[in-house]
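Inside the fold
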Amino acid sequence: MQNIQGTCLCEKNHLVIKEYGNFVYSCHCDMCRKMSAGPVMAVDPETSDNIELHLDEASVTYYHSSPEVERAFCSTCGTYLFWHHLARDHYCMNAELFPDIIKQVNFGLQVFYDRKPHYYDFANETKKMSSSWEEM
């Protein structure tokens, strides 16, 4: 897939992934779950070379969850936009921003699986990685 368009709820912020497959993963880390009230479903376009951010800077809030990671939210509608590892210039984005991806997605990976609470599970089989990046 190429030039996949995504927006926040209020459509003030537009994101484009230049080239992507149909892969979505979930993250069960404490920060993602607290931020979204559940696991985050994400796409991984990797570096800024593969994305275009058309952000309304007046409506974007950046939160530095650690010295090397920033998270971005639309401060108008509250939509979680992306996670960005600054030193590696690595992006992971909210999968639900991109309707064309989630129409034909392959959900095959769960990360921070050892941090997942016991009150929910996904029905399909996936690869499961621990918080130390070891397969479970």
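This section reports on the structure supplied with the text. (Residues numbered from 1 in each chain as written. Predicted model: local features only at pLDDT ≥ 70, side-chain atom pairs only at ≥ 80, totals over all residues. Heavy atoms only, no water.)

Taken in spatial order, the 8 strands make up an open sheet running β6-β7-β8-β9-β4-β3-β10-β11, and their pairing is mixed. Looking at strand neighbours, the two that pair on one side only are β6 (60–66) and β11 (127–128), the edges of this open sheet. Sheet topology places strand β4 (residues 40–47) next to strand β9 (residues 90–94); 4 bridges connect them, and they run antiparallel. Looking at the pairing, T47 lines up with H90 of β9. (Pairing = 2+ DSSP bridges. Helix = DSSP H or I, 4+ residues; strand = E, 2+ residues; numbered from the N terminus.)

Another point: the pairing of strand β8 (residues 80–85). Within β8, 6 of the 6 residues are buried, which leaves the element mostly enclosed by the surrounding structure. Relative to β8, strand β7 (residues 69–74) runs antiparallel, the two sharing 5 bridges. Residue pairing in the sheet places F73 in a bridge with Y80 of β8. Remark: 5 residues form the turn of the hairpin made by β7 and β8, two consecutive strands paired antiparallel; G78 in that turn has positive phi of roughly 90°. (Buried < 20%, exposed > 50% of the residue type's maximum accessible area, 1.4 Å probe, protein only.)

Any two side chains of opposite charge can pair, so long as their charged atoms come close to each other. Scanning the entire structure with this criterion turns up 4 salt bridges. Close ionic contact of R33 with D30 constitutes a salt bridge, the shortest N to O distance being 2.7 Å. Of the two residues, R33 and D30 both sit in helix α1 (residues 30–36), 3 residues apart, roughly one turn of that helix. D30 gets classed as partly exposed once you look at its relative accessible area, which sits at 40%. The closest approach of N and O atoms between R115 and D30, which form a salt bridge, is 4.0 Å. Taken together, the positions of R115 in the loop between β10 (106–111) and β11 and D30 in helix α1 put the pair 85 residues apart, joining distant regions of the chain. Here the residues in one salt-bridge network are D30, R33 and R115, joined through shared partners. (Salt bridge = Lys/Arg side-chain N within 4 Å of Asp/Glu carboxyl O.)

Glancing now at the side chain of H85. Mapped onto the elements of the fold, H85 is located in strand β8. Relative accessible area serves as the criterion here: at 14%, H85 is assigned to the buried category. At 3.2 Å, the side chain of H85 and the backbone nitrogen of R88 are in polar contact. Those residues in contact with H85 that sit more than four places away from it in its chain are E68, V69 and H90. (Polar contact = N/O pair within 3.5 Å; in protein donor to acceptor, adjacent residues only side chain to side chain. Contact = heavy atoms within 4.5 Å.)

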